[in-house]
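What follows is each chain in one-letter form.
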Amino acid sequence: MATRGRPRKFDRAAALRTAMQLFWEHGYEGTSLNQLTHAMGITPTSLYAAFGSKEELFREAVELYNAGESPMDRALREAPTAKKAVERMLRDNVDNYVDPATPRGCLVVLAGINLTAANEEIGRYLTTCREDDQAKIVARLERGVEDGDVPRGADLQAIAFYYLTVLQGLSIQARDGVSRETGQRIVDSAMMTWDLLLPGGYLATP
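Residues numbered from 1 in each chain as written. Predicted model: local features only at pLDDT ≥ 70, side-chain atom pairs only at ≥ 80, totals over all residues. Heavy atoms only, no water.

## Details of the overall build of the protein chain
Moving on, step 1. Within the protein chain one finds 10 helices and 0 strands.
Moving on, step 2. Listed N to C, the secondary structure of the protein chain is α-α-α-α-α-α-α-α-α-α in terms of helices and strands.
Moving on, step 3. Projecting the C-alpha coordinates of the protein chain onto the three principal axes gives extents of approximately 70 × 40 × 35 Å.
Moving on, step 4. Relative to its full complement of 206 residues, the protein chain shows a buried share of 39%.
Moving on, step 5. Within the protein chain, contacts between residues separated by at least 24 positions form 67% of all contacts whose residues are at least 6 apart in sequence.
Moving on, step 6. Accessible surface, the protein chain as shown: approximately 11300 Å² in total, 52% of it carbon and sulfur. (Helix = DSSP H or I, 4+ residues; strand = E, 2+ residues; numbered from the N terminus. Buried < 20%, exposed > 50% of the residue type's maximum accessible area, 1.4 Å probe, protein only. Contact = heavy atoms within 4.5 Å. Areas by Shrake-Rupley, 256 points an atom, 1.4 Å probe, with all protein chains shown as cover.)

Right, here's the structure in full:
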């Protein structure tokens, strides 16, 4: 009868959560293998055996970060109009970004800033994650067109790009230490732009 391999001497799920926190706090390149193994309480050999590589570990960490329903998903699904959905998306994320229980900002936005050429694959992976968010906002705007609260002819891609850029900027501001109150004031200003992005508004595409 074949014998079983030796069981891992660590909690894989807990180790993955620890890695996620490190990547979230320090970014992909700013998190060393030594930091990971020390915080996770394992050897490099065990890390490679359990996760394959640092890159694969990072991808799993991002999947864990994105698991479940995010503030964006909840806002875009529950709010009664597209405008209210976008506003709630921004406000709820401000609260998340400055939550003292977690690193500030968004892992997907911050972990891949200033990657070297050796880690271009990680950069492309994070870009894909952000493009998924863009698509979610566009889909909610399309629903708004069907519901009648977004006028037909609105440049949905431009509106989504604008508010996704605001969202990503809020993540950076949170990392820089901005307060919740200031973050919410930024959202106030961003929502004043809504009508300007619609057909006939000053910022609408000609």
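After that view of the structure, there is still more to cover.
## Overview of the UniProt feature "DNA-binding region" (unreviewed entry) in the protein chain
Moving on, step 1. Mapped onto this numbering, the UniProt entry gives "DNA-binding region" (unreviewed entry) at residues 32-51.
Moving on, step 2. In residues 32-51, helix accounts for 80% and strand for 0%; the two terminal C-alpha atoms are 15 Å from one another. (UniProt positions renumbered as here; feature names shortened; annotations may be inferred.)

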